[in-house]
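Close look at the chain arrangement
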Amino acid sequence: MSNANTITPPDAAVTRNFGSMLKELDWRRYVIYIGFVVVFIFFAVLLRDQGFLSPQNLLNIFRQTATITVIAVGMTYVISCAEIDLSVGSVAGLSSVCTAMALAQWGLVPGILAGLAVGLVVGSVNGALVSLLGIPSFLVTLGMLGIAVGVAQWITASAPQPILDDTFNVLFGSGDFGPVPGLVVWSAIFVAIGAVVLNRTRFGRQVLATGGNRNAADFTGINTKRIKFQVLLISAMAASVAGMLYAGRLQSGRFQWGSGDELSAIAAVILGGTSLFGGFGSIIGTLFGALLIGLINNGLILAGLDSSQQQVVRGAIIILAVAMARKK
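A short tour of the structure in this document, coming up. (Residues numbered from 1 in each chain as written. Predicted model: local features only at pLDDT ≥ 70, side-chain atom pairs only at ≥ 80, totals over all residues. Heavy atoms only, no water.)

Focus on the overall build of the protein
Per the secondary structure count, the protein includes 16 helices and 4 strands. Taking all 328 residues of the protein together, the buried fraction comes to 45%. Accessible surface, the protein as shown: approximately 15900 Å² in total, 67% of it carbon and sulfur. (Helix = DSSP H or I, 4+ residues; strand = E, 2+ residues; numbered from the N terminus. Buried < 20%, exposed > 50% of the residue type's maximum accessible area, 1.4 Å probe, protein only. Areas by Shrake-Rupley, 256 points an atom, 1.4 Å probe, with all protein chains shown as cover.)

Details of a nonpolar patch on the surface
Side chains of Leu132, Leu133, Ile135, Phe138, Leu139 and Leu142 sit close together on the surface and give an oily, nonpolar patch of about 600 Å² of accessible area. With respect to the helices and strands, the residue Phe138 is situated in helix 8 (residues 137-156). (Patch = residues over 30% accessible without salt bridge, like charges linked within 9 Å, V, L, I, M, F, W, Y side chains within 5 Å. Salt bridge = Lys/Arg side-chain N within 4 Å of Asp/Glu carboxyl O.)

A look at the packing of helix 9 (residues 166-174) against helix 13 (residues 224-250)
Between helix 9 and helix 13, the shortest axis-to-axis distance is 7 Å and the interhelical angle comes to 115°. Remark: the crossing between helix 9 and helix 13 carries left-handed chirality. In this structure, helix 9 contributes Phe168, Asn169, Phe172, Gly173 and Ser174 to the contact, and helix 13 contributes Met244, Leu245, Ala247, Gly248 and Arg249. Residue composition of the contact of helix 9 with helix 13, by class: 5 nonpolar, 4 polar and 1 charged. (Axes fitted to C-alpha atoms, helices over the stretch in contact; angles between N-to-C directions. Left-handed = near helix turned anticlockwise from the far one by under 90°. Contact = heavy atoms within 4.5 Å. Nonpolar A, V, L, I, M, F, W, Y, C, P; charged D, E, K, R; others polar.)

Description of the packing of aromatic side chains
For the coordinates displayed, the defined rule picks out 9 aromatic pairs. Taking 5.1 Å as the distance between ring centres and 75° as the angle between the ring planes, the aromatic pair formed by Tyr33 and Phe288 counts as edge-to-face. Remark: Phe288 occurs in helix 15 (residues 283-302) and Tyr33 occurs in helix 3 (residues 31-46); sequence separation between them is 255 residues. With centroids separated by 5.5 Å and ring planes inclined at 90°, the aromatic side chains of Phe36 and Phe288 adopt a geometry described as edge-to-face. Placement of Phe36 in helix 3 and of Phe288 in helix 15 is noted, with a sequence separation of 252 residues between them. Of the residues examined, Phe36 reaches a relative accessible area of 18% and is grouped as buried. Looking at Phe288, the relative accessible area reads 24%, which means it is partly exposed. Members of the aromatic cluster, joined through ring pairs, are Phe40, Phe42, Phe43 and Phe52. (Phe/Tyr/Trp six-rings, centres within 6.5 Å; stacked < 30°, edge-to-face > 60°.)

Re the environment of Leu86
For Leu86, the position within the fold is in the loop between helix 5 (66-80) and helix 6 (88-106). Taking the C-alpha atoms as reference points, Leu86 and Asp261, 175 residues apart in sequence, are found 9.1 Å from one another. Setting aside chain neighbours within four positions, we find Leu86 in contact with Phe138, Thr141, Leu142, Leu145, Glu262 and Ile266.

What to know about the packing of helix 7 (residues 108-131) against helix 13
Orientation of helix 7 relative to helix 13, taken along the N-to-C sense of each, is 150°, at an axis distance of 7 Å. It follows from the interaxial angle that helix 7 and helix 13 lie roughly antiparallel. Here the hand of the crossing between helix 7 and helix 13 comes out right-handed. Classifying every residue of the contact of helix 7 with helix 13 gives 13 nonpolar, 8 polar and 2 charged. (Parallel < 35°, antiparallel > 145°, perpendicular 65-115°, else oblique.)

Looking at the side chain of Ser282
Note that Ser282 resides in the loop between helix 14 (261-271) and helix 15. Of note is the side chain of Ser282, whose polar atom sits 2.9 Å from the backbone nitrogen of Gly285. Once residues lying within four places of it in the same chain are set aside, the contact partners of Ser282 are Tyr33, Thr76, Leu198, Gly272 and Thr274. (Polar contact = N/O pair within 3.5 Å; in protein donor to acceptor, adjacent residues only side chain to side chain.)

See the structure below:
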């Protein structure tokens, strides 16, 4: 009889196990999805009479966040590798003007190649300085930020470069693929490829291993210098494509395109659950981080806030993103 009294009731055991699971659950990995739903419901109720839930407005949110999403996918690789890239916004602007100028001189294919060449050159320089010379990526890309925007402003004399090539404009931002805007298709392609490569390939595992513990990665035979070079190259290439998307959507190249996008991309990546200290990355989380920023921007505009107030909210988002970052 005494033995029977010492047996834990099944219901109590289940309750205790459930409580243990809740304590062990890392809520930080899901906070972006919870936050997205909460913000969406908040604006849906507050702005129901301003057309927030209209299909056109919801599609505009996806369209307006597409370029940030493309940049943020590349940034996810960099931050997962415990590095940073502050030059992506300026690279996008330089890519847009180089594309526009090459289109005017030589046509469609050379114009596209010129835009991609910007990412190839900048990414190679960033990667070489960080991986071969050991200069911190923060300093390298901060310097490259100034160089890229300065070159873009210099070669254009600060003047916008119009793009009159309808084919380019349709392919890179202005056109639709059936009922889906081209910008949404571009962002979906980058997210799909980025997620598969990071989560399902040897290269993705090496990126996370390098960011998690570089010494251990070196010990296991991973060429961490090459990995650092490659992630910075990927980031710059993604930024150059984003610059062409700016150019196609707005039908011109300007050095201002992409200005400040590095901060939005970093915020999207960290909000999406990628560790600021490296070793863990989530492309899908990055997508939702970008959409959350776009959702907030759209809601603030519909609510009638001016640009200065929007800047305050964006700054608060970045602070929140950094505060949420922790080593996995």
